[in-house]
Amino acid sequence: MRYISTRGTAPILDFQQVTLAGLARDGGLYLPESWPQLSPDQIAALRGASYVDTAVAVMMPFIGATMTPAELRALCVQAYGRFAHAGVTPLVQLDHRHWLLELFHGPTLAFKDVALQLLGLLFERFLTGTERQLTVVGATSGDTGSAAIDALAGRMGVDVFMLHPAGRVSDVQRRQMTTVLAPNIHNIAIDGSFDDAQALVKAMFNDRAFSGRFALSAVNSINWARLMAQVVYYFYAAVRLGAPERPVAFSVPTGNFGDVFAGYVAAKMGLPVAKLIVATNVNDILHRALSTGTYAQGTVVATPSPSMDIQVSSNFERLLFDLGGRDGTANAAQMHGFEATRAMQLTDRQRDGARALFASDRVDLNDMALAMRWAHECAGETIDPHTAIGLSAARRAGLGADVPVVTLATAHPAKFRDAVERATGARPVLPARVGDLFDREERFATLPATFAAVTDYVAARATPAP
Ligand SMILES: *Cc1c(COP(=O)(O)O)cnc(C)c1O
């Protein structure tokens, strides 16, 4: 499989190169040159398959000659062996039609472990035996950082610089990052919002001299391999609920449009998806874009679902490129327009294409709390604020009565204990696997949200490329 940039002029890469790359050199994002197809028979054959076997079947077409199926399988066994549930991503029934897909059984209690545990192993495999040294820089609203740090701590050939917005991540999220004291891990609290942190990371990539000197790489959902790993659980869940004969809808709590874009990829590969519900909190740029056709950046408001407090959704560019007919030149012009004015118009083709598969909703604080209470009182399930936003949108989506609706449960409720307790009166208990998080020493730097401050910090600590 070959990978092309959404802006049309960056070099074409293979799977190994695209895994180690971050943003494309032309400022775009990488996508496979074409969507591999799984036939209805191949999808039906996944019924009863283990998570690892499903993962190999779904991901192998994206990997091409870079690895054999047996090599990929060995990495998946290792990555998903660290999950605390034998089903890796189990389905839990809420009522006659609503289901939760629990994606939070990994080491850091959020769905990002599903992709990052594998990505860490891919990095190590591709770097071992080479002279290469990668500098991973990332911005996190909380969960990417902890998942990436867990996956990369102590791995050879990688230095990690993780930027989080100071004071805007939960105490569990912060401690999961800052108590990892491995010498290759560097946590930076930025005086600003997540969007400020993400803009700094983008600026580092776009500074050719800097990004070349330190071989910058990304673990945010701009990294293709992450999205690829997330496609797997859409297949895994859907076949358990009757696919390919019966279409299934998914409700996805969304921030950077990565997780829900993986659902789009599953649909493109042939999985019958009835609807993808894009569920946002009050930071609703995606809901506004999909319902009005205008993608316009607003001001970020801090909420109890911080991993979705985002007003620029990087992966939306991938959707617009694909829906717009994969015209890199037109896409680059559209994105440059957005970057200059912080607003842009979807074309009719993009709007019609999106409407065919996506629905969207904006869930405020009150409706989020109501969904948490409904799950707790009527279904006996404690859910986190992000999941509650997905569930609220799922319950009012008005889909046909025969369509099962799967809400992606993206974080363990204990990761957001205060918000869960406020809504339900019950305080979730941290699972034993996170151990003595609150007794461990923390280490992080606090820096202003300026390019000079952050690049000076990184340059003083990263290993230059040979
Ligand atoms: C990252 C995250 C999201 C949003 O996922 P995107 O891929 O950025 O849309 C939702 N919920 C939780 C708990 C997350 O960590």
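Throughout what follows, the structure given in this document is the object of discussion.

Here is what the cut-offs are and how they apply
- Residues numbered from 1 in each chain as written.
- Predicted model: local features only at pLDDT ≥ 70, side-chain atom pairs only at ≥ 80, totals over all residues.
- Heavy atoms only, no water.
- Pairing = 2+ DSSP bridges.
- Helix = DSSP H or I, 4+ residues; strand = E, 2+ residues; numbered from the N terminus.
- Contact = heavy atoms within 4.5 Å.
- Axes fitted to C-alpha atoms, helices over the stretch in contact; angles between N-to-C directions.
- Near = heavy atom within 4 Å.
- Polar contact = N/O pair within 3.5 Å; in protein donor to acceptor, adjacent residues only side chain to side chain.
- Nonpolar A, V, L, I, M, F, W, Y, C, P; charged D, E, K, R; others polar.
- Core = buried A, V, L, I, M, F, W, Y, C linked by side-chain atoms within 4.5 Å.
- Buried < 20%, exposed > 50% of the residue type's maximum accessible area, 1.4 Å probe, protein only.
- Arc of directions from axis to C-beta.

### A look at the sheet that holds strand 7 (residues 185-191)
Next up, step 1: One open sheet holds the five strands; their spatial order is 8-5-6-7-15, and the pairing between them is parallel. Looking at strand neighbours, the two that pair on one side only are strand 8 (216-217) and strand 15 (445-448), the edges of this open sheet.
Next up, step 2: Sheet analysis places strand 5 (residues 134-139) next to strand 8, joined by two bridges and oriented parallel. The residue of strand 8 that forms the bridge with T135 is L216.
Next up, step 3: In the packing of helix 8 (residues 194-206) onto the sheet, contacts are made with strand 5, strand 6 (158-165), strand 7 and strand 8, and the angle to strand 5 comes to roughly 150°.

### Thoughts on the site of the ligand
Next up, step 1: In the region of the ligand, 15 residues are neighbours, and K112, D143, G255, N256 and T410 sit closest.
Next up, step 2: Within the backbone of N256, one N or O atom sits 2.8 Å away from an oxygen atom of the ligand.
Next up, step 3: The separation between an oxygen atom of the ligand and a polar main-chain atom of F257 is 3.2 Å.
Next up, step 4: Of the residues belonging to the shell around the ligand, the class tally is five nonpolar, seven polar and three charged.

### Concerning the nonpolar core
Next up, step 1: The biggest cluster of nonpolar side chains holds 112 residues, and the ones touching the most others in it are F15, Y80, W224, F250 and F358.
Next up, step 2: For this core, the leading source of residues is helix 10 (residues 224-240), giving 14 residues.
Next up, step 3: If near-sequence neighbours (up to four positions away) are discounted, F250 is found in contact with Y234, A237, A238, V273, K275, L276, I277, V406 and L408.
Next up, step 4: Counting residues in each nonpolar core, the second largest holds 27 residues, with F104, I277, M308 and M372 among its members.

### Observations regarding the side chain of Q311
Next up, step 1: Mapped onto the fold, Q311 is located in the loop between strand 11 (294-296) and helix 13 (316-323).
Next up, step 2: Since its relative accessible area comes to 3%, Q311 is described here as buried.
Next up, step 3: Within polar-contact distance, the side chain of Q311 engages the side chain of R288 at 3.4 Å.
Next up, step 4: A distance of 3.3 Å separates a polar atom in the side chain of Q311 from the backbone nitrogen of G298.
Next up, step 5: If near-sequence neighbours (up to four positions away) are discounted, Q311 is found in contact with D195, N283, D284, I285, R288, Q297, G298, T299 and V300.

### Brief notes about the sheet that holds strand 10 (residues 273-280)
Next up, step 1: Sheet architecture is open: six strands sit in the order 3-4-14-9-10-13, paired in mixed fashion. What marks the edges here is a single partner per strand, and that holds for strand 3 (91-93) and strand 13 (358-362). Geometrically, the sheet is characterised by an average inter-axis angle of 25° between neighbouring strands, direction not taken into account.
Next up, step 2: With respect to the sheet, helix 17 (residues 385-395) is in contact with strand 4 (98-102), strand 9 (248-253), strand 10, strand 13 and strand 14 (405-409), its orientation differing from that of strand 14 by roughly 165°.

### Details of helix 18 (residues 417-424)
Next up, step 1: Taken together, the buried positions of helix 18 are occupied by R417, A419, V420, A423 and T424. Along helix 18, the residues classed as buried sweep out an arc of 165° about the axis, all on the same side.
Next up, step 2: Elements in contact with the buried residues of helix 18: helix 7 (171-178), helix 16 (365-378) and helix 17.
Next up, step 3: The first or second residue beyond helix 18 is G425, which carries a positive phi of 80°.

### Topic: unusual backbone geometry
Next up, step 1: P244 follows A243 through a cis peptide bond whose omega is 10°.
Next up, step 2: Here P244 is to be found in the loop between helix 10 and strand 9.
Next up, step 3: Unlike most non-glycine residues, L109 shows phi in positive territory, near 70°.
Next up, step 4: Within the fold, L109 resides in the loop between strand 4 and helix 5 (112-127).
Next up, step 5: Residue R342 is not a glycine yet carries a positive backbone phi of 60°.
Next up, step 6: When you line up the elements, R342 lands in the loop between helix 14 (328-341) and strand 12 (343-345).

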